[in-house]
Amino acid sequence: MSKIGIVTFPGTLDDRDAARAVRIAGAEPVELWHKDSDVKGVDAVVLPGGFSYGDYLRCGAISAQSPVMGAVIEGAKKGLPVLGICNGFQILCESHLLPGALIRNHHQKFICRDQALEVVRTETAWTGAFEKGQRIVIPLKNGEGNFQATPEQLERIEGEGQVVFRYLDFDPNGSMNQIAGLCNEAGNVVGLMPHPEHAVEDVFGPESGSGTDGLGLFKSVLESLLG
Ligand SMILES: NC(=O)CC[C@H](N)C(=O)O
């Protein structure tokens, strides 16, 4: 059975839901702690959402310097699949595994809603089980989800096809080009602001969409690990 590491930083909130999503998808979750200096031989890593280090300095900035991130960065460069969800996406940008930055929502408020997304890119370790252009609905909950990049970075992101998800119907935070999620050039590292781990069971998932649209990310990585 594939093993997926879930990293807990001080202030992480969604590690248990991420572990549950991994289990429902059919893999074994492995607890990783921010002080770990290796990733215990896992097949993939999830950086879950939350408020690591109380969002001090900038969301994800302190976590990006933790020992475990040294190992995650090293693994990611060799092709280890890594998924950053919300605060995890912020950590990936702060670690420079993904380009750009997440800043305060343009309306300056924390937002919590079921959000429609377009799956723009399916050639990644985490989205292969979706159809290109598929519409999915998963929860979104953050204060700093506004994706910004320099004009050169944005041109490169769009030119290389690194946009994985875009917001549909409603602009929740002012992100450039409605970008909700990105991948690195190789496609093994994916970060997104909305929370797929909260849409993996009928009874708890959003009322619109299938309710379990988030499961596709976790199923996708297992398929990609099988090759
Ligand atoms: N749900 C989350 O992971 C929130 C991330 C971060 N603390 C923010 O508010 O933007």
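Look a little higher up for the structure.
What comes next is a walk through the structure. Remember, predicted model here, so these are calculated numbers, not experimental data.

**Details of the overall build of the protein**
In step 1: Counting secondary structure elements, the protein contains 5 helices and 11 strands.
In step 2: The C-alpha radius of gyration of the protein comes to 16 Å, within 12% of the 17 Å expected for a compact globule of 227 residues.
In step 3: The principal-axis extents of the C-alpha atoms in the protein amount to approximately 40 × 35 × 30 Å.
In step 4: A buried classification covers 58% of the 227 residues belonging to the protein.
In step 5: Taking as baseline every contact in the protein between residues at least 6 positions apart, the subset at least 24 positions apart corresponds to 73%.
In step 6: Roughly 9800 Å² of accessible area belongs to the protein as shown, and the carbon and sulfur atoms make up 50% of that amount.

**Description of the site of the ligand**
In step 1: Around the ligand there are 14 residues in total, and Gly50, Asp55, Cys86, Lys141 and Glu144 lie nearest to it.
In step 2: Here an oxygen atom of the ligand sits 3.1 Å away from a polar atom, N or O, in the main chain of Asn87.
In step 3: Between Gly143 and the ligand, the recorded distance is 2.9 Å, taken from a backbone N or O atom to an oxygen atom.
In step 4: Surface burial for the ligand is 99%, taken as the share of its 300 Å² of free accessible area covered by protein chains.
In step 5: When residues of the shell around the ligand are traced back to their parent elements, those giving at least two are α3 (87–94) and β7 (135–142).
In step 6: Here the shell around the ligand is built from residues that sort into 4 nonpolar, 7 polar and 3 charged.

**A short note on the packing of aromatic side chains**
In step 1: Scanning the model with the defined rule gives 2 aromatic pairs in all.
In step 2: Seen in terms of ring centroids, Phe51 and Phe110 are 6.2 Å apart; in terms of plane orientation they differ by 20 degrees. Their pairing is stacked. Residue Phe51 is found in the loop between β3 (44–47) and α2 (67–77), and its partner Phe110 is found in the loop between β5 (101–103) and β6 (111–119); the two are separated by 59 residues along the sequence.
In step 3: A relative accessible area of 36% means that Phe51 is categorised as partly exposed.
In step 4: Exposure remark for Phe110: the relative accessible area of 46% places this residue in the partly exposed category.
In step 5: Consider the rings of Phe89 and Phe147, whose centres lie 6.4 Å apart with planes at 10 degrees: the pair is stacked. One end of the pair, Phe89, is in helix α3; the other, Phe147, is in strand β8 (residues 146–148), and 58 residues separate them in sequence.

**Points about the pattern of salt bridges**
In step 1: Following the criterion strictly, the structure yields 9 salt bridges and no others.
In step 2: Two residues, Asp14 and Lys141, come together in a salt bridge whose shortest N-O distance is 3.1 Å. Placement of the pair is Asp14 in the loop between β1 (3–8) and α1 (15–25) and Lys141 in strand β7, with a sequence separation of 127 residues.
In step 3: Exposure remark for Lys141: the relative accessible area of 18% places this residue in the buried category.
In step 4: Measuring nitrogen to oxygen at the nearest pair gives 4.0 Å for the salt bridge that ties Asp36 to Lys40.
In step 5: Residue classification places Asp36 among the buried residues on the basis of a relative accessible area of 18%.
In step 6: Judged by relative accessible area, which is 47%, Lys40 ranks as partly exposed.

**Points about the packing of α1 against helix α5 (residues 215–226)**
In step 1: Relative orientation of the contacting elements α1 and α5 amounts to 60 degrees, with a least axis distance of 9 Å. Considering their axes alone, α1 and α5 lie oblique with respect to each other. As for how α1 packs across α5, the hand of that crossing is right-handed. Contact with α1, carried on its side by Ala21, Val22, Ile24 and Ala25, involves Leu215, Phe218, Lys219 and Leu222 of α5 and no other residues of that element.
In step 2: Taken together, the residues of the contact of α1 with α5 sort by class into 7 nonpolar, no polar and 1 charged.

Parameters at a glance
Residues numbered from 1 in each chain as written. Predicted model: local features only at pLDDT ≥ 70, side-chain atom pairs only at ≥ 80, totals over all residues. Heavy atoms only, no water. Helix = DSSP H or I, 4+ residues; strand = E, 2+ residues; numbered from the N terminus. Rg over C-alpha atoms; globule rule 2.2 N^0.38 Å. Buried < 20%, exposed > 50% of the residue type's maximum accessible area, 1.4 Å probe, protein only. Contact = heavy atoms within 4.5 Å. Areas by Shrake-Rupley, 256 points an atom, 1.4 Å probe, with all protein chains shown as cover. Near = heavy atom within 4 Å. Polar contact = N/O pair within 3.5 Å; in protein donor to acceptor, adjacent residues only side chain to side chain. Nonpolar A, V, L, I, M, F, W, Y, C, P; charged D, E, K, R; others polar. Phe/Tyr/Trp six-rings, centres within 6.5 Å; stacked < 30°, edge-to-face > 60°. Salt bridge = Lys/Arg side-chain N within 4 Å of Asp/Glu carboxyl O. Axes fitted to C-alpha atoms, helices over the stretch in contact; angles between N-to-C directions. Parallel < 35°, antiparallel > 145°, perpendicular 65-115°, else oblique. Left-handed = near helix turned anticlockwise from the far one by under 90°.

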